Amino acid sequence: MTLTLKVWRQASADAEGGLKEYQATDISPDMSFLEMLDIVNERLIEQGEVPIAFDHDCREGICGACGMMINGVAHGPMKGTATCQLHMRSFRSGDTVVIEPWRARAFPVVKDLVVNRGALDRIIGAGGYVTVSTGGAQDGNTIPVPKSDADSAMDAAACIGCGACVAACPNGSASLFTSAKISHLGLLPQGQPERYRRALQMVAQMDLESFGGCTLYGECQEACPKEISIDFISRMNRDFLVGALTVVEEAGGGEDG
């Protein structure tokens with residue numbers, strides 16, 4: 001396969017960026033998208049040029065490090081697929097492929113296709129810790145959990161924190177990510193002691209990080225490589241509301257306060 005790549009190149013956060021055109025030749029349809037970029041970078045290095053910077057780690061759709069806009073779509077044309085799982089057979093020889101970094105105010109560009117996603121880490125950190133004593137693994141398994149709750153918790157825990165939901169959202173909202181991180185603990189017995197406090201703290205941190213507001217547009221769940229449902233956003237909103245009312249009640253001392 002031979003493809004024309006238009007890749008966003010930006011030397012640093014403060015530098016002016018732009019699209020630069022490259023030819024990707026002799027590309028096997030069985031290559032992953034990142035392997036194709038590896039081949040392009042090897043040829044750039046041989047020519048004495050600076051290779052294209054992009055994030056990657058596990059290359060198995062687990063770590064969430066990879067992430068880029070491919071022809072205007074987060075992670076590319078295949079639904080439920082991270083960039084590292086996207087294969088070149090999804091394209092045709094002669095295609096022009098435009099590759100850009102995540103576009104969101106909360107994700108400043110570091111270099112080329114690499115963005116700073118530290119805001120997502122800070123949201124997780126704001127959630128604090130779990131104080132309940134769970135004991136050893138065997139003791140934890142004795143806690144009865146309804147299968148529907150366990151399945152929903154696992155669905156939420158599938159979030160890999162890639163940031164595609166933010167990049168795809170017209171508002172640049174991190175609500176799907178935040179709701180998944182809140183819900184996977186809020187659905188389980190071990191997550192109950194700090195359930196509502198966690199929702200308040202994580203949503204507050206999300207608001208501090210310059211993410212946009214959620215209007216349930218739905219593009220986030222379409223872009224998510226793990227196909228996480230926006231139903232979790234409704235659950236987060238409910239927990240946030242309960243938590244906010246609880247704080248008001250505690251501050252007022254109930255009816256007597």
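Predicted model only: the values in this text are computed from it and were never measured. (Residues numbered from 1 in each chain as written. Predicted model: local features only at pLDDT ≥ 70, side-chain atom pairs only at ≥ 80, totals over all residues. Heavy atoms only, no water.)

Glancing now at the overall build of the protein chain. A tally of regular secondary structure across the protein chain gives nine helices and seven strands. Once the C-alpha set of the protein chain is aligned to its principal axes, its extents read approximately 75 × 40 × 30 Å. Looking at the protein chain alone, contacts between residues at least 24 apart form 68% of all its contacts between residues at least 6 apart. For the protein chain, the exposed surface amounts to about 13100 Å²; the carbon and sulfur share of it is 50%. Here the protein chain contributes 21 positive and 33 negative side-chain charges, whose respective centroids are spaced 3 Å apart. (Helix = DSSP H or I, 4+ residues; strand = E, 2+ residues; numbered from the N terminus. Contact = heavy atoms within 4.5 Å. Areas by Shrake-Rupley, 256 points an atom, 1.4 Å probe, with all protein chains shown as cover. Lys, Arg positive; Asp, Glu negative; His and termini not counted. Charge placed at Lys NZ, Arg CZ, Asp CG, Glu CD.)

Below, the discussion takes up the environment of Phe107. The topology assignment puts Phe107 in the loop between β5 (96-100) and β6 (109-111). Exposure remark for Phe107: the relative accessible area of 1% places this residue in the buried category. Each C-alpha atom of the pair Phe107 and Lys181 lies 19 Å from the other, and the pair is 74 residues apart in sequence. The residues contacting Phe107, other than those within four sequence positions of it, are Trp102, Val115, Asn116, Arg117, Leu120, Gly163, Val166 and Phe211. (Buried < 20%, exposed > 50% of the residue type's maximum accessible area, 1.4 Å probe, protein only.)

Attention now goes to the pattern of salt bridges. Summed over the entire model, instances satisfying the criterion amount to 12 salt bridges. The shortest N-O distance in the salt bridge between Asp30 and Arg89 comes to 3.5 Å. Placement of Asp30 in the loop between β2 (18-24) and α1 (33-46) and of Arg89 in the loop between β4 (73-74) and β5 is noted, with a sequence separation of 59 residues between them. Residue Asp30 shares its accessibility class with Arg89, and that shared class is exposed. The partner of Glu100 in a salt bridge is Arg103, with the nearest N and O atoms 3.4 Å apart. Judged by relative accessible area, which is 37%, Arg103 ranks as partly exposed. Bridged by salt links that share partners, the residues Arg195, Arg235 and Asp239 form one connected network. (Salt bridge = Lys/Arg side-chain N within 4 Å of Asp/Glu carboxyl O.)

Moving on to the state of the cysteines. Evaluated as defined, the whole model comprises zero disulfides. Residue Cys63 stays outside any disulfide, its sulfur separated by 3.5 Å from that of Cys58, the closest cysteine. (Disulfide = S-S within 2.5 Å.)

Residue position: Glu219 is located in helix α8 (residues 219-223). Here Glu219 falls in the partly exposed class, since its relative accessible area comes to 33%. Taking the C-alpha atoms as reference points, Glu219 and Phe33, 186 residues apart in sequence, are found 23 Å from one another. Excluding residues within four positions of it along the chain, Glu219 makes contact with Ala168 and Pro170.

For the rest of this paragraph, the subject is the packing of aromatic side chains. For any two aromatic rings, the description comes down to two numbers: the centre-to-centre distance and the angle of the planes. In this structure the tally under the stated criterion is two aromatic pairs. Centre to centre, the rings of Phe33 and Phe91 are 5.9 Å apart; their planes meet at 45°, and the pair counts as tilted. With Phe33 in helix α1 and Phe91 in the loop between β4 and β5, this pair connects stretches of sequence that are 58 residues apart. What makes Phe91 buried here is its relative accessible area of 9%. Measuring from ring centre to ring centre gives 5.9 Å for Phe107 and Phe211, while their planes differ by 85°; the resulting arrangement is edge-to-face. Linking Phe107 in the loop between β5 and β6 with Phe211 in the loop between α7 (195-208) and α8, this pair joins segments that are 104 residues apart in sequence. Take Phe107 and Phe211: they sit in the same class, and that class is buried. (Phe/Tyr/Trp six-rings, centres within 6.5 Å; stacked < 30°, edge-to-face > 60°.)

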